[in-house]
Amino acid sequence: MTDIGTKAKELGIRYFLVSYTDLFGVVRSKLVPAAAMPDMVEEGAGFAGFASHLDMTPAHPDMFAVPDVDCMVQLPWKPEVGWIPGDLHMDGGPVDHAPRLVLKRLLKRAEEAGYQVMAGVEPEFFLLSADATELSDPGDIRAKPCYDQQALMRRFDVISGICDCMLEMGWGPYQNDHEDANGQFEMNWSYSDALTTADRHTFFKFMVKSLAEQHGYRATFMPKPMPSLTGNGCHVHLSMLNVRDGGSIMTGDGELGLSSLAYNIIGGVLNNARDLALITNPVINSYKRINAPRTTSGATWSPNSVTYGGNNRTHMIRIPGDDRIEVRLADGAANPYLLQAAMIAAALDGIERNSDPGKRLDIDMYAEGHLAEGAPKLPLNMLDALRQFEGSSLAKEYFGDEFCTAYAKLKLEEWNAYMRHFSSWEKENALDV
Ligand SMILES: [Mg+2]
């Protein structure tokens, strides 16, 4: 394990953010001076669990985030600070519903079954004005703004600044673009093992928000921040390797060059998509991205039904090559750790049950979705997704009872808070009844 004191001296780090990610994906931290780190590495940084989105009461004892020092990242834009993801412990044992530990458990389960899980993510985001009331760029008005060179270059300083950070950290960034909504961008870096990708995904959101703030903007990963524009997706590219020899288990002699195991994995993701939507699409606003009416650019780029096709972006699952699948369901609000955990649970379930995904659909789901007879629809709102999750045997088996109870409880509280909110729509539509 890394000697944190030596590392801090070598790198000129004066402070460490010892962090954890709660159930709703919020990153919580203590800022710890380097001199205090050796003790912190042993014991962890102390927190009151109730104060974040975890299923705890104010009466619970101290919760400790034990830093995973080998995963430390020096902030390229503030090199005197190092960020370290932590794992939550209480009373000498792990907190079973802590998202990073949930993912670690599932990775272990996959490894015991003989698989290493590799993943890449494509988190989209908007750059808004500092007060978040409008796009950061008033000139970004094109009806079809995707890949718009002019609008991309007006934000060169912030986008290249983020990309430079990724280059410095060795993430292997390879492309940046203006996305399909005005004000929306996507930046891609190389895939890696699922835990590294989840840590980087978590850090990426922190980095994008931080650099946007430095430039006087506000970055948002909110699933549907603008009603008429394309929302923020977070597509996952999932592949699995054989632990024995590191070879792909997904490449084979089936259709489109995929193996029968890859089709089992597709079957597993299709069968469990509705059960896991509360994880992939976790907030009220998520359901305004999936099931959305056509946007001003002409397409939503998000699924509304549980289907798969070939290299076809109108389906929930796309097959872009012979060694992976792209799951297009999740959005920018997904907790990076739980998102990967959900993919692994669905994939393992598909393999275990020998799931048959049926025939792929070679149709444009946006124009011809009505032809996909019997295709299950995704949940229509968060309560729908919550009920589906609560009844899911898959969630209980793979995520564990403690997690399921905690997550469902906090999500129901969120739904109830939303229902207590009185909107002007209600008045407009019920005032004269
Ligand atoms: Mg995209």
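Residues numbered from 1 in each chain as written. Predicted model: local features only at pLDDT ≥ 70, side-chain atom pairs only at ≥ 80, totals over all residues.

**As for the overall build of the chain**
Turning to step 1, where the next piece is worked out: Looking only at helices and strands, one finds 13 helices and 15 strands in the chain.
Turning to step 2, where the next piece is worked out: A compact globule built from 433 residues should have a C-alpha radius of gyration of about 22 Å, and the chain, at 22 Å, falls within 12% of that.
Turning to step 3, where the next piece is worked out: When the backbone C-alpha atoms are referred to their principal axes, the chain occupies close to 65 × 50 × 50 Å.
Turning to step 4, where the next piece is worked out: Classification of the 433 residues of the chain by burial places 48% in the buried group.
Turning to step 5, where the next piece is worked out: Residue pairs at least 24 apart in sequence account for 71% of intrachain contacts in the chain once pairs closer than 6 positions are excluded. (Helix = DSSP H or I, 4+ residues; strand = E, 2+ residues; numbered from the N terminus. Rg over C-alpha atoms; globule rule 2.2 N^0.38 Å. Buried ≥ 20, exposed ≤ 12 C-beta atoms within 10 Å, placed from the backbone. Contact = placed C-beta atoms within 7 Å.)

**Description of the environment of Pro-303**
Turning to step 1, where the next piece is worked out: Following the sequence through the fold, Pro-303 ends up in the loop between α7 (260-280) and β14 (317-318).
Turning to step 2, where the next piece is worked out: A residue is classified by how many C-beta atoms lie within 10 Å of it, and Pro-303, with 28 of them, is buried.
Turning to step 3, where the next piece is worked out: Along the chain, Pro-303 and Val-327 lie 24 residues apart, while their C-alpha atoms are 9.9 Å from each other.
Turning to step 4, where the next piece is worked out: Residues contacting Pro-303, with those up to four places away along its chain left out, are Ile-290, His-315, Met-316, Arg-328, Leu-329 and Leu-378.

**Describing the packing of helix α5 (residues 156-169) against helix α6 (residues 194-214)**
A pair of packed helices can be characterised by two numbers: the angle between their axes and the separation between those axes.
Turning to step 1, where the next piece is worked out: Their axes nearest at 10 Å, the elements α5 and α6 cross at an angle of 140 degrees. Put simply, α5 runs oblique to α6. α6 is crossed by α5, and the crossing has right-handed handedness. Here Val-158, Gly-161, Ile-162 and Cys-165 of α5 come into contact with α6, specifically with Met-207, Val-208, Leu-211 and Ala-212. (Axes fitted to C-alpha atoms, helices over the stretch in contact; angles between N-to-C directions. Parallel < 35°, antiparallel > 145°, perpendicular 65-115°, else oblique. Left-handed = near helix turned anticlockwise from the far one by under 90°.)

**Some details on the domain arrangement of the chain**
For an interface, size is often stated in terms of accessible area lost upon the parts coming together.
Turning to step 1, where the next piece is worked out: As far as domains go, the chain holds domain 1 (4-91) and domain 2 (105-424).
Turning to step 2, where the next piece is worked out: Distance from the C-alpha centre of domain 1 to the C-alpha centre of domain 2: 27 Å.
Turning to step 3, where the next piece is worked out: Across the boundary between the two partners, domain 1 contributes 13 residues, which contact 17 residues of domain 2.
Turning to step 4, where the next piece is worked out: Considering only residue class, the side of domain 1 that touches domain 2 consists of nine nonpolar, three polar and one charged. (Domains from an automatic or database assignment. Nonpolar A, V, L, I, M, F, W, Y, C, P; charged D, E, K, R; others polar.)

**A few points about helix α8 (residues 336-352)**
Turning to step 1, where the next piece is worked out: Look at α8: 25 Å from first C-alpha to last across 17 residues, which is about the 24 Å you get at 1.5 Å a residue.
Turning to step 2, where the next piece is worked out: Along α8, 16 of the 17 residues are buried, which leaves the element largely enclosed by surrounding structure.
Turning to step 3, where the next piece is worked out: Just downstream of α8, Asn-354 is the residue with a positive phi angle, here 55 degrees. (Expected span 1.5 Å × (residues − 1).)

**Observations concerning the pairing of strand β10 (residues 184-189)**
Turning to step 1, where the next piece is worked out: Within β10, five of the six residues are buried, which leaves the element mostly enclosed by the surrounding structure.
Turning to step 2, where the next piece is worked out: Judged from the three bridges that link them, strand β8 (residues 115-129) and β10 form a sheet pairing that is antiparallel. Bridge pairing links Glu-124 to Glu-186 in β10.
Turning to step 3, where the next piece is worked out: Across five bridges, strand β9 (residues 173-178) lies against β10 in antiparallel orientation. (Pairing = 2+ DSSP bridges.)

**A look at the packing of helix α10 (residues 382-390) against helix α12 (residues 401-420)**
Turning to step 1, where the next piece is worked out: Between α10 and α12, whose axes approach to 10 Å, the crossing angle comes to 160 degrees. Classed by the angle they form, the pair α10 and α12 counts as roughly antiparallel. Along this stretch, α10 crosses α12, giving a crossing that reads as left-handed. Note on element contacts: α12 touches α10 through Ala-408, Lys-411, Leu-412 and Trp-415, opposite Met-382, Leu-383, Leu-386, Phe-389 and Glu-390.

**Some details on the nonpolar core**
Turning to step 1, where the next piece is worked out: Ranked by internal contacts, the top residues of the largest apolar core, which has 124 residues, are Val-102, Ala-341, Met-343, Ile-344 and Ala-347.
Turning to step 2, where the next piece is worked out: Residue contributions to this core reach at least three from each of two domains, namely domain 1 (4-91) and domain 2 (105-424).
Turning to step 3, where the next piece is worked out: For Ile-344, the contacting residues outside a window of four places in its chain are Leu-106, Leu-107, Ala-110, Val-117 and Ala-194. (Core = buried A, V, L, I, M, F, W, Y, C linked by C-beta atoms within 7 Å.)

**Comments concerning unusual backbone geometry**
Turning to step 1, where the next piece is worked out: The backbone of Asp-91 shows a phi angle near 50 degrees, a positive value even though the residue is not glycine.
Turning to step 2, where the next piece is worked out: Structurally, Asp-91 can be placed in the loop between β6 (81-90) and β7 (93-94).
Turning to step 3, where the next piece is worked out: On the neighbour-count criterion, Asp-91 (10 C-beta atoms within 10 Å) is exposed.

**Thoughts on the pairing of β8**
Turning to step 1, where the next piece is worked out: For β8, the buried fraction is high: twelve of the 15 residues fall into the buried class.
Turning to step 2, where the next piece is worked out: One ladder, built from two bridges, connects β8 with strand β11 (residues 192-193); its direction is antiparallel. Looking across to β11, one finds that Met-118 is bridged to Asp-193.
Turning to step 3, where the next piece is worked out: Here four bridges tie β8 to strand β12 (residues 217-220), and the two strands are oriented antiparallel to one another. Following the sheet pairing, Ser-129 is matched in β12 by Tyr-217.

**Things to note about the environment of Asp-164**
Turning to step 1, where the next piece is worked out: For Asp-164, the location among the structural elements is in helix α5.
Turning to step 2, where the next piece is worked out: On the basis of neighbour count, Asp-164 is assigned to the partly exposed category, with 14 C-beta atoms found within 10 Å.
Turning to step 3, where the next piece is worked out: Placed 87 residues apart in sequence, Asp-164 and Trp-77 show a C-alpha to C-alpha distance of 9.6 Å.

**Things to note about α6**
Turning to step 1, where the next piece is worked out: For α6, spanning 21 residues, the distance from its first C-alpha to its last is 30 Å, which sits close to the expected 30 Å at 1.5 Å a residue.
Turning to step 2, where the next piece is worked out: After α6 finishes, the residue Gly-216 shows a positive phi value of roughly 85 degrees.

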